[in-house]
Amino acid sequence: MRDTQLTVNCFSCKQDQAVKVNEKDLENYNNGAHAQHVFPYLSADERELLISGICGCCFDKMFEGDEDES
Ligand SMILES: [Zn+2]
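Notes on the structure in this doc start here. (Residues numbered from 1 in each chain as written. Predicted model: local features only at pLDDT ≥ 70, side-chain atom pairs only at ≥ 80, totals over all residues. Heavy atoms only, no water.)

**A word on the packing of aromatic side chains**
Rule in force here: Any two rings among Phe, Tyr and Trp, with Trp reduced to its six-membered ring, count as a pair given centres within 6.5 Å; such a pair is stacked if its planes are under 30 degrees apart, edge-to-face if over 60, and tilted if neither. Helix numbers and strand numbers start at the N terminus; a helix is a DSSP run of H or I with at least 4 residues, a strand a run of E with at least 2. Residue exposure (1.4 Å probe, protein chains only): buried if accessible area is under 20% of the type maximum, exposed if over 50%, otherwise partly exposed.
What the rule picks out here adds up to 3 aromatic pairs. Summarising the aromatic geometry, the rings of Tyr-29 and Phe-39 are spaced 5.4 Å apart at their centres and angled 55° between planes, so their arrangement reads as tilted. In this pair, Tyr-29 is assigned in helix 1 (residues 23-30) and Phe-39 in the loop between helix 2 (35-38) and helix 3 (44-52), connecting sequence segments 10 residues apart. For Phe-39, a relative accessible area of 0% puts it in the buried group. Plain terms: the ring middles of Phe-59 and Phe-63 are 4.8 Å apart, the flat faces sit at 45° to each other, and that makes the pair tilted. Residue classification places Phe-59 among the partly exposed positions, given a relative accessible area of 26%. Classification of Phe-63 by relative accessible area gives exposed; the value is 60%.

Have a look at this one:
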């Protein structure tokens, strides 16, 4: 089994984030498996990046409770 490096561009900060996953796991994920099940070795932040396309840093900011909306 080979590892592959995914590069995900965070839609919030526009920074490329690299996540290394197993190719077979990625295939399972693309086939509808839950990220938590196929990528147990990734951090929560890395999984979030794959699931929602947002990096851990931005994810934290979104849920930090800053409600600056007018
Ligand atoms: Zn970000």
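**Things to note about the coordination of the zinc ion**
What counts is decided by this rule: Here the term donor refers to an N, O or S atom within 2.8 Å of the metal (or 3.2 Å for Na, K and Ca), and because water is left out of the atoms, sites may appear incomplete.
Within the protein, the atoms that donate to the zinc ion are Cys-10 (SG), Cys-13 (SG), Cys-55 (SG) and Cys-58 (SG), at distances of 2.2 to 2.4 Å. Each donor residue of the zinc ion belongs to the same chain, and together they define the spacing C-x2-C-x41-C-x2-C. On the criterion of sequence distance, the pair formed by Cys-10 in the loop between strand 1 (3-9) and strand 2 (16-22) and Cys-55 in the loop between helix 3 and helix 4 (56-62) is long-range, its members being 45 residues apart. Exposure remark for Cys-10: the relative accessible area of 0% places this residue in the buried category.

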